Amino acid sequence: MRGGWETGAVTSSAGPAAGVLVLAGTPIGDVADAPPRLSAELACADVIAAEDTRRLRRLTQSLGVTTTARVVSYFEGNESARTPELVTALEEGARVLLVTDAGMPSVSDPGYRLVAAAVERDIRVTAVPGPSAVLTALALSGLPVDRFCFEGFPPRKAGERRARLGEAAGERRTLVYFEAPHRLAETLAAMAEAFGAGRRAAVCRELTKTYEEVRRGTLRELAAWAAEGVRGEITVVVEGAPETGPEELDATELVRRVRVREEAGEPRKEAIAAVAAAAGLPKREVFDAVVSAKHAANRSTTG
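Bear in mind that the values here come from a model prediction, so they are computed numbers and not experimental data.

**Focus on the packing of helix H1 (residues 36-44) against helix H2 (residues 53-63)**
Between two packed helices, what matters for the description is the angle formed by their axes and the separation of those axes. Look at H1 against H2: their axes get within 11 Å of each other, and the N-to-C directions meet at 115°. The two elements H1 and H2 cross, and the hand of that crossing is left-handed. Within the contact between the two elements, H1 uses Leu38, Ser39 and Leu42 and H2 uses Leu56, Leu59, Thr60 and Leu63. Here the contact of H1 with H2 is composed, by residue class, of 5 nonpolar, 2 polar and no charged.

**As for the sheet that holds strand E1 (residues 20-24)**
In space, the 5 strands of this open sheet follow the order E3-E2-E4-E1-E5, with parallel pairing throughout. Two strands in the sheet have a free side with no partner beyond their single neighbour: strand E3 (70-73) and strand E5 (124-128). On average, each strand axis in the sheet is tilted by 20° relative to the strand beside it, whichever way the strands run. By the bridge criterion, 5 bridges tie E1 to strand E4 (residues 95-99) in an arrangement that is parallel. Note that in E4 the partner of Leu21 across the bridge is Val96. Against the sheet, helix H3 (residues 79-91) contacts E1, strand E2 (47-50), E3 and E4, and its axis sits at roughly 155° relative to E3.

**Quick word on the side chain of Thr187**
With respect to the helices and strands, the residue Thr187 is situated in helix H7 (residues 184-195). Residue Thr187 is classed as buried on the basis of its relative accessible area, which comes to 1%.

**Focus on the nonpolar core**
Counting 25 residues, the largest nonpolar core has Tyr177, Leu184, Leu188, Met191, Phe195, Val236 and Val238 as its most contacted members. Where this core is concerned, the elements lending two or more residues are helix H6 (158-168), strand E7 (174-179), H7, strand E8 (200-205), helix H8 (219-226) and strand E10 (234-238). A total of 7 residues in this core trace back to one element, the largest contributor, which is H7. The contact partners of Tyr177, leaving out residues within four places of it in the chain, are Glu151, Gly152, Pro154, Leu165, Ala168, Met191, Phe195, Ile234, Thr235, Val236 and Val238. Listed in part, the 18 residues of the second largest apolar core include Val87, Ala89, Leu90 and Ala94.

**As for the sheet that holds E10**
Reading across from one edge, E6-E7-E10-E8-E9 is the order of the 5 strands in this open sheet, with mixed pairing throughout. A strand with exactly one partner marks an edge of an open sheet, and here the two such strands are strand E6 (148-152) and strand E9 (213-218). Along the sheet, successive strands turn relative to each other by an average axial angle of 20°, direction set aside. Two elements, E8 and E10, share 5 bridges in a ladder whose sense is antiparallel. Paired with Ala201 across the strands is Val238, a residue of E10. Helix-sheet contacts for H7 involve E7, E8 and E10, and the interaxial angle to E10 is about 10°.

**Remarks on the pairing of E2**
By the alternation rule, side chains of E2 split into Val47 and Ala49 and Ile48 and Ala50, which are all buried. Inspection of the sheet shows E2 paired to E3 by 4 bridges, in the parallel sense. When the bridges of E3 are listed, Ala49 appears paired with Val72. Each parallel crossover has a hand, and for E2 linked through H2 to E3 it is right-handed. In terms of strand pairing, E2 meets E4 through 4 bridges, oriented parallel. Bridge pairing in E4 links Ala50 to Val99.

**Structural notes on the pairing of E6**
Sheet topology places E6 next to E7; 4 bridges connect them, and they run parallel. Following the sheet pairing, Phe148 is matched in E7 by Thr174. Of the crossover connections in this fold, the one passing from E6 over H6 to the parallel E7 is right-handed.

**Observations regarding unusual backbone geometry**
The backbone phi angle of Ser108 is positive, close to 55°, even though this residue is not glycine. In this fold, Ser108 is placed in the loop between E4 and helix H4 (112-120). Overall, the relative accessible area of 33% leaves Ser108 in the partly exposed class. The phi angle at Thr208 is positive, at roughly 70°, despite the residue not being glycine. Following the sequence through the fold, Thr208 ends up in the loop between E8 and E9. A residue is classified by how much of its surface remains accessible, and Thr208, at 24% relative accessible area, is partly exposed.

**With respect to the environment of Arg82**
Secondary-structure assignment places Arg82 in helix H3. Its relative accessible area of 22% is what places Arg82 among the partly exposed residues. Through-space distance from the C-alpha of Arg82 to that of Leu114 is 8.9 Å; in sequence the pair is 32 residues apart. When near neighbours in sequence (up to four residues on either side) are disregarded, Arg82 contacts Val72, Ser73 and Tyr74.

About the cut-offs
- Residues numbered from 1 in each chain as written.
- Predicted model: local features only at pLDDT ≥ 70, side-chain atom pairs only at ≥ 80, totals over all residues.
- Heavy atoms only, no water.
- Axes fitted to C-alpha atoms, helices over the stretch in contact; angles between N-to-C directions.
- Helix = DSSP H or I, 4+ residues; strand = E, 2+ residues; numbered from the N terminus.
- Left-handed = near helix turned anticlockwise from the far one by under 90°.
- Contact = heavy atoms within 4.5 Å.
- Nonpolar A, V, L, I, M, F, W, Y, C, P; charged D, E, K, R; others polar.
- Pairing = 2+ DSSP bridges.
- Buried < 20%, exposed > 50% of the residue type's maximum accessible area, 1.4 Å probe, protein only.
- Core = buried A, V, L, I, M, F, W, Y, C linked by side-chain atoms within 4.5 Å.
- Right-handed = clockwise from strand over helix to strand, strands pointing away.

Everything listed here is a matter of geometry and, on its own, says nothing about what the molecule does.
Quick look at the structure:
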């Protein structure tokens, strides 16, 4: 097996002949964004594990790269089964290059299992940094970028999605999500319910591609826009929760936050505790707001 660009001896439990796992970022749209090292790694790899071998072929053709590597598919459906085979190749000294369809392996893409298995065996893991939809969308959003968290794809089922968004309702860092275009309108509406319809956000579509678009507005406005239909690869950036003090959260808002969690299947007691913790309030205050709202609703029904 070729050593490739190995820059130092590898001392590990896997032995001196152990190979190296290379995670390679690939263009998220414009192939001209591919880092020069990507071409070099494609050319010198012993094994290339690709999420889609057809897209890999198109990528090498676009870059003008000829590879003599053994190419194997490595996607969500076969990731668990194929990982041991790739680990064996690494232990035998191979330079294994992992590429996914776009962006960085392991970031909402295959790769985590192989990295974990390599780390467990003290096999070196390195990376070729490349384009990132997360960072690109964040930079273009116009929202605060000093602190952020990546939430990946929201759950597909409505109840699970409400619960996940409810957990993030009090998060003050900017939030970044991936979403499929056919679920975007429903997800934005759920975000408006969980975070507040006036929360600012940006929908970044087809980043670096011909029809790139960044749509900014409130969650209410974006949900209405998406209801007309949206195509392409989607990244959603949402403003973090405002740094409000307890006195700025009125009873109506506290009740709304509890209701969102209850509708997602969370028991009322736990929902009240979670809302109180996020708001920095005593649980009793949130409980009293919920009870008062319930009594008011009962009076209006019987009145």
